[in-house]
Amino acid sequence: MMFAPGPAGGAPPVSPSAPAGSDLSAVPKEVTTDSEGAVQQVVPKDLVPAPSGTPAEAPAAAQAHAPGVHKALSGNGETAGDLVVESVFQVGEGSTVRLRQEIDKVQVFGASAAQSLTADGALISVTGALAKKSKGKFTTTTPTAQIQATALKKVAEQSKTAPDKLAVDDTKAFWYDAKLAAKGEAQGVAVPAFKVEINGASDDKKGEPAKWIVFVDANSTNKVLDSWSETKHLNRVVCDNANRRIDPNRAGCGTGTLRSTRSEGQAPVGIKDVDDIYNYLGNTEAFYAKYTKLANLTNLIGSDTGDGKGKALRATVRLCTTTACPYQNAFWSGSYMAYGSGLTTEDITGHELTHGVTQHTNGLVYRNEPGAINESMSDIFGELTFLVNTSNPCNTAANRWKLGACSSIGVIRDMKNPNAYQDPDTYRGRYWYTGTGDSGGVHINSGVGNKTAQLMVDGGSLNSVNVTAIGLEKTAALYWTTQTLLTSSSNYAALSTALKNACNTNVRNGTAGTTAADCVQVANATKATKLPQQQART
């Protein structure tokens, strides 16, 4: 969400038969833990080579490192399940390989290990969060009607939404660990559950589109373990809704009555919102390709609706909901973007597309501090995409770092001065939000992450800490590497640690000319905004 809130399988794990020098759990290292002692990051004193005979390709090297990584992230104590390669992202000359945790071949929600590797497969570091223990067993991984009914009832009660406005979108078996789902100070034990995704529309006057996540106990199907709102607001295919009233959950471009107005290679059609978004989709993909090594944004987050246009970045413009026209917001649905009239700006486009990038890299849970970081990542990449486009007439000194400038509703956040819009620029400082509204303050507390990035790009001083600018290119590369390292439950303490680890990784992999001196400034920026500074132990 941009503004105000609304209501792959891999190879099997190898056996831990590698020599000690190739086993992360057995070499000298620094270990960073959270406030409860759970391991978050492990950095070996020296690079850990892949076991002899392992191919240098990133997936094979990562799978070979997996047993030692699993033990190290578990504190060399109890481990549960296995780690399996899930995705690979290029980072400079090296890569980040993300592995998911599975127990009895069922995925653990929110559990992952991100390995930073050199080009020859040596392990630089690992960041992650895993379930250490499990309790119970699945009697079946096939969902029942009762599970879906339990989830629907919970959402109807929680959101005060009429049941006929809700629909189950997907149901899948997962091991659920409350700690990995960012549920307060929960203790971590993974239990069998079903994750139910529900779409709907709120009953407020805006008719906001909405999405909820519900976990139902697999062995007690009337019991809800957890639930939250996942609605995020704020090849190219653009559809013009022409300000017709429509159910926002059916606003997918290339579905139903919404047919393409302008698609890849087609000349401008003369409708400003359509033509602007077409250009901004292309600009955002070009930004990611140039500054982050994500060569093809369309392949990562695009969708194919079967309309003959193939897999594409899709957007619907001039949206009106059944109760609000014009619709004064923009959102990422999980597969497409939608905008109210006049919300089609470059920073908003980059913001919404980055929700898709976050969804397909670390999956930051959209509540509390992980949700604030999710929003901040979208603000950061949206604004950086806007700033590099010097041909955009809105890109002026006065509009620098101001989200939503030149949109029909105006500026909604100031990344340089978050306090101007009653957002915090300091962790737990003025305007820090601690309530349950706004999914735990995801839009408000994003100000801290935004200010941290702004200080890195431009430099400045905050809380008596001076930061020397490292510039836009290095900052963009830094936040891309950080995206690939975070887990779904990462809080600001984890972000602080990941930023510094990402900088050191970028130095090692020759990314964007990053130097050790730059990493000093990255650390200074995290101190300036008072992000929690975790201490590593050997």
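Given the structure is predicted, the values throughout are model-derived calculations rather than measurements.

**Q** Just checking my understanding: could you explain the overall build of the protein chain for this structure?
**A** Looking only at helices and strands, one finds 11 helices and 21 strands in the protein chain. Over its C-alpha atoms the protein chain spans a radius of gyration of 22 Å, differing by no more than 12% from the 24 Å that the globule rule assigns to 538 residues. By its C-alpha atoms, the protein chain is 65 × 55 × 45 Å across when sized along the principal axes. Summing over all exposed atoms, the protein chain offers an accessible surface of approximately 20,000 Å²; the carbon and sulfur share of this is 48%. Within the protein chain, one finds 50 positive and 49 negative side-chain charges whose respective centroids are separated by 2 Å.

**Q** Help me understand unusual backbone geometry, please; the structure alone is not making it clear to me.
**A** The general pattern is negative phi for most residues beyond glycine and trans for most peptide bonds. Positive phi, close to 55°, is recorded for arginine 318, a residue that is not glycine. Within the secondary structure, arginine 318 is located in the loop between strand 14 (313-317) and strand 15 (330-332). For aspartate 438, which is not a glycine, the phi torsion comes out positive at approximately 50°. Position of aspartate 438 among the secondary structure elements: in helix 7 (residues 438-441). Since its relative accessible area comes to 15%, aspartate 438 is described here as buried.

**Q** How do you make sense of helix 1 (residues 58-73) when you look at a structure like this?
**A** Because each turn of an α-helix spans 3.6 residues, side chains separated by three or four positions in sequence point in the same direction. Between its first and last C-alpha atoms helix 1 spans 20 Å; for 16 residues at 1.5 Å apiece the expected length is 22 Å, and the helix comes up short by more than 12%. A maximum bend of about 50° is found in helix 1 at alanine 66, where proline proline 67 lies one to four positions downstream. A large share of helix 1 lies buried, amounting to 13 of its 16 residues. The positive-phi residue at the C-terminal boundary of helix 1 is glycine 75, with phi of around 75°.

**Q** Mind showing me how you'd approach the packing of helix 5 (residues 346-361) against helix 6 (residues 368-388) here?
**A** How two helices sit against one another is set out by the angle between their axes and by the gap between those axes. Close contact between helix 5 and helix 6 brings their axes to 7 Å; oriented N to C, the two are set at 135°. As the angle between them shows, helix 5 and helix 6 are arranged oblique. Handedness of the helix 5/helix 6 crossing: right-handed. Within the contact between the two elements, helix 5 uses Glu346, Asp347, Gly350, His351, Thr354, His355 and Thr358 and helix 6 uses Asn374, Glu375, Met377, Ser378, Asp379, Phe381, Gly382, Glu383, Thr385 and Phe386. By residue class, the composition of the contact of helix 5 with helix 6 is three nonpolar, nine polar and five charged.

**Q** Can you help me understand the side chain of arginine 262 in this one?
**A** Summarising the element assignment, arginine 262 is placed in strand 13 (residues 262-263). With relative accessibility at 5%, the residue arginine 262 sits in the buried group. One polar contact links the side chain of arginine 262 to the main-chain carbonyl oxygen of glutamine 266, over a distance of 3.0 Å. In this structure the side chain of arginine 262 is engaged in a polar contact, spanning 3.5 Å, whose partner is the backbone oxygen of alanine 267.

**Q** Got a minute to help me understand the confidence of the model for the protein chain in this structure?
**A** Interpreting fine coordinate detail is not advised for predicted regions of low pLDDT. Averaged over all residues, the pLDDT of the protein chain equals 89, while 93% of them reach at least 70. Here residues 3-19 is a poorly scored stretch, pLDDT under 50, and it has 48 contacts once near neighbours within four places are set aside; other chains count.

**Q** I'm lost on the state of the cysteines in this one. Help?
**A** A disulfide bridge is the covalent bond that connects two cysteines by way of their sulfur atoms. Under the defined criterion, the tally for this structure stands at three disulfides. Between the sulfur of cysteine 503 and that of cysteine 519 lies a disulfide, 2.2 Å long from S to S. Its torsion about the S-S bond being -95°, the disulfide of cysteine 503 and cysteine 519 is classed as left-handed. Taken together, the residues cysteine 503 in helix 10 (residues 492-508) and cysteine 519 in helix 11 (residues 516-528) connect sequence positions 16 residues apart. Across this residue pair, the class does not change: cysteine 503 and cysteine 519 are buried.

**Q** For this particular structure, what's the right way to read the environment of proline 326?
**A** Relative to the helices and strands, proline 326 resides in the loop between strand 14 and strand 15. Accessibility expressed as a relative area gives 46% for proline 326, which makes it partly exposed.

**Q** Explain the pattern of salt bridges here, please?
**A** A pair can form between side chains of opposite charge whenever their charged atoms are brought close. Tallied over the full model, the rule gives 18 salt bridges. For glutamate 197, the salt bridge identified is with lysine 195, shortest N-O distance 2.6 Å. With relative accessibility at 12%, the residue lysine 195 sits in the buried group. When the shortest N-O distance is used, the salt bridge between lysine 211 and glutamate 197 registers 3.4 Å. Within this pair, whereas lysine 211 is found in strand 9 (residues 209-217), its partner glutamate 197 is found in strand 8 (residues 191-201), the two being separated by 14 residues in sequence. Look at glutamate 197 and you get buried, because its relative accessible area is 13%. Counted as one network, the salt bridges with shared partners bring together Asp34, Glu36 and Lys179.

**Q** What is the right way to look at the packing of helix 3 (residues 272-291) against helix 5 in this model?
**A** Viewed as axis vectors pointing N to C, helix 3 and helix 5 meet at an angle of 55°, and their least axial separation amounts to 9 Å. Taken together, the axes of helix 3 and helix 5 lie oblique to each other. Taken as a pair, helix 3 and helix 5 cross one another with a handedness that is right-handed. Packed against helix 3, whose contacting residues are Ile277, Tyr280, Leu281, Asn283, Thr284 and Tyr288, the element helix 5 presents Glu346, Thr349, Gly350, Leu353, Thr354 and Val357 at the interface. Residues that form the contact of helix 3 with helix 5 fall into these classes: six nonpolar, five polar and one charged.

**Q** Teacher, can you tell me more about the nonpolar core here?
**A** One broad rule of soluble globular proteins: the nonpolar side chains tend to lie buried together. By size, the foremost hydrophobic cluster in this structure holds 68 residues, and its most contacted members are Tyr339, Leu384, Tyr479 and Tyr492. Examining the composition of this core, we find that eight residues originate from one element, helix 6, more than from any other. Sequence-distant contacts of tyrosine 492, that is, excluding residues within four places in its chain, are made with Glu369, Ala372, Ile373, Tyr427, Trp432, Asn445, Ser446, Val448, Gly449, Leu531 and Pro532. In terms of nonpolar packing, the next biggest core, distinct from the first, is built from 48 residues, Val42, Ala50, Phe138 and Ala218 among them.

**Q** Is there a simple way to think about the packing of aromatic side chains in this case?
**A** Taken as a whole and judged by the stated rule, the model has 16 aromatic pairs. Ring centres of phenylalanine 89 and tryptophan 480 lie 5.6 Å apart, and the angle between their planes is 85°; this geometry places the pair in the edge-to-face category. What makes tryptophan 480 buried here is its relative accessible area of 2%. Relative to tryptophan 228, the ring of phenylalanine 215 lies with its centre 6.1 Å away and its plane at 35°, an arrangement referred to as tilted. Note that phenylalanine 215 is positioned in strand 9 and tryptophan 228 in strand 10 (residues 224-229), a separation of 13 residues in sequence.

**Q** Looking at this structure, how should I read the environment of serine 95?
**A** With respect to the helices, strands and loops of the structure, serine 95 is situated in strand 4 (residues 94-103). By relative accessible area, serine 95 is classed as buried at 7%. Once the C-alpha coordinates of serine 95 and glutamate 57 are considered, the two residues, 38 residues apart in sequence, prove to be 9.9 Å apart. The contacts of serine 95, once residues within four sequence positions are left out, are Ala58, Val88, Phe89, Gln90, Gln115, Ser116, Leu117 and Asn509.

About the criteria used
- Residues numbered from 1 in each chain as written.
- Predicted model: local features only at pLDDT ≥ 70, side-chain atom pairs only at ≥ 80, totals over all residues.
- Heavy atoms only, no water.
- Helix = DSSP H or I, 4+ residues; strand = E, 2+ residues; numbered from the N terminus.
- Rg over C-alpha atoms; globule rule 2.2 N^0.38 Å.
- Areas by Shrake-Rupley, 256 points an atom, 1.4 Å probe, with all protein chains shown as cover.
- Lys, Arg positive; Asp, Glu negative; His and termini not counted.
- Charge placed at Lys NZ, Arg CZ, Asp CG, Glu CD.
- Buried < 20%, exposed > 50% of the residue type's maximum accessible area, 1.4 Å probe, protein only.
- Expected span 1.5 Å × (residues − 1).
- Bend = angle between axes of the 7 residues up to and from the residue.
- Axes fitted to C-alpha atoms, helices over the stretch in contact; angles between N-to-C directions.
- Parallel < 35°, antiparallel > 145°, perpendicular 65-115°, else oblique.
- Left-handed = near helix turned anticlockwise from the far one by under 90°.
- Contact = heavy atoms within 4.5 Å.
- Nonpolar A, V, L, I, M, F, W, Y, C, P; charged D, E, K, R; others polar.
- Polar contact = N/O pair within 3.5 Å; in protein donor to acceptor, adjacent residues only side chain to side chain.
- pLDDT = per-residue confidence, 0-100.
- Disulfide = S-S within 2.5 Å.
- Salt bridge = Lys/Arg side-chain N within 4 Å of Asp/Glu carboxyl O.
- Core = buried A, V, L, I, M, F, W, Y, C linked by side-chain atoms within 4.5 Å.
- Phe/Tyr/Trp six-rings, centres within 6.5 Å; stacked < 30°, edge-to-face > 60°.

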